[in-house]
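Each chain, letter by letter, is given below.
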Amino acid sequence: MLITHDTECALSILVDLLNTAPEVCGDERLPDVAALDAFVVRQEISEIDSLTEDDLRQVQELRSRLREVFWTESTEAAAELVNAIVAAAGTTPRLVNHDHHDWHIHYFAPHVAIAPHLAAELGMALAFILMAGERERLRRCEAPDCARVFVDLSRNRSRRYCDSRTCGNRLHVAAYRARQRSAEAVAPA
């Protein structure tokens, strides 16, 4: 899958934003304007003026809508969500499939404040994934006690965990120990 640098950066911002939610972390990782400002700085989001409580509330609401895309059952449902997110940003880009053409983008308008900026940028990154027929790359961590999401950009779409050093390694160690216990129980005394 060919993915542009801008889209990859937007997907990184998307995952980071989605994984700040209380249902993922147990607590709100964007609790105040200072945390939102730190997020903007960390992600190097440009052309953002001073942030307000209203910006914080709008970004938290956007985060919930973006997260829904990871739980959709079909590309059509995901496209409807993406179209609504981008349209709510005050832009006119649309993800469409018509006249025997696969998913493609129509028109991208410039951003404004932080929430519409993120809605347009992250919505379009999701649109490019959908347009490429790669919705299955939008994943939820398979660790049973993890609610994080990620975008699987591996060549063979084999990534299963949000972070192989934590969730993946923890589950592999647990499976190894279970196999060891099972082997010890079966071994003659």
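Anyway, here's the lowdown on the structure attached to this text. (Residues numbered from 1 in each chain as written. Predicted model: local features only at pLDDT ≥ 70, side-chain atom pairs only at ≥ 80, totals over all residues. Heavy atoms only, no water.)

## Focus on helix 1 (residues 5–18)
An α-helix turns once per 3.6 residues; consequently, residues spaced three or four apart project the same way. For helix 1, spanning 14 residues, the distance from its first C-alpha to its last is 20 Å, which sits close to the expected 20 Å at 1.5 Å a residue. Listing the buried residues of helix 1 in full gives Thr 7, Ala 10, Leu 11, Ile 13, Leu 14, Val 15, Leu 17 and Leu 18. In the core, the buried residues of helix 1 are packed alongside helix 2 (22–25), helix 3 (33–42), helix 4 (53–69), helix 6 (114–131) and strand 4 (149–151). (Helix = DSSP H or I, 4+ residues; strand = E, 2+ residues; numbered from the N terminus. Expected span 1.5 Å × (residues − 1). Buried < 20%, exposed > 50% of the residue type's maximum accessible area, 1.4 Å probe, protein only. Contact = heavy atoms within 4.5 Å.)

## A look at the packing of helix 1 against helix 4
Close contact between helix 1 and helix 4 brings their axes to 10 Å; oriented N to C, the two are set at 105°. Between helix 1 and helix 4, the angle is such that the two are roughly perpendicular. Contacts from Leu 14, Leu 17 and Leu 18 of helix 1 reach helix 4 at Val 59, Arg 63, Leu 66 and Arg 67. Counted by class, the contact of helix 1 with helix 4 contains five nonpolar, no polar and two charged residues. (Axes fitted to C-alpha atoms, helices over the stretch in contact; angles between N-to-C directions. Parallel < 35°, antiparallel > 145°, perpendicular 65-115°, else oblique. Nonpolar A, V, L, I, M, F, W, Y, C, P; charged D, E, K, R; others polar.)

## Some thoughts on the side chain of Asn 19
With respect to the helices and strands, the residue Asn 19 is situated in the loop between helix 1 and helix 2. If we skip the residues at most four places from it in the chain, Asn 19 touches Val 24, Cys 25, Arg 67, Arg 148 and Val 149.

## Thoughts on helix 4
End to end, helix 4 covers 25 Å across 17 residues, agreeing with the expected 24 Å (1.5 Å per residue, within 8%). All of the buried residues in helix 4 are Asp 55, Leu 56, Val 59, Leu 62, Arg 63, Leu 66, Arg 67 and Val 69. One side of helix 4 holds all its buried residues, which, seen down the axis, span an arc of 140°. (Arc of directions from axis to C-beta.)

## Some remarks on the pattern of salt bridges
Enumeration according to the criterion identifies eleven salt bridges in this entry. Among the salt bridges present, the one from Glu 142 reaches Arg 160, with a minimum N-O distance of 2.9 Å. Of this pair, Glu 142 sits in the loop between strand 3 (138–140) and strand 4 while Arg 160 sits in the loop between strand 4 and helix 7 (164–186), and the two are 18 residues apart along the sequence. Overall, Glu 142 belongs to the partly exposed group, its relative accessible area being 44%. Arg 160 gets classed as partly exposed once you look at its relative accessible area, which sits at 41%. Residues joined in a network through salt bridges with shared partners are Glu 134, Glu 136, Arg 137 and Arg 157. (Salt bridge = Lys/Arg side-chain N within 4 Å of Asp/Glu carboxyl O.)

## A closer look at unusual backbone geometry
Of note, the phi angle at Glu 44 is positive, near 55°, even though the residue is not glycine. Structurally, Glu 44 can be placed in the loop between helix 3 and helix 4. For Arg 157, which is not a glycine, the phi torsion comes out positive at approximately 55°. On the accessibility criterion, Arg 157 (33% relative accessible area) is partly exposed.

## Considering the environment of Leu 62
On the secondary structure map, Leu 62 appears in helix 4. On the basis of relative accessible area, Leu 62 is assigned to the buried category, the value being 0%. Through-space distance from the C-alpha of Leu 62 to that of Ala 119 is 6.9 Å; in sequence the pair is 57 residues apart.

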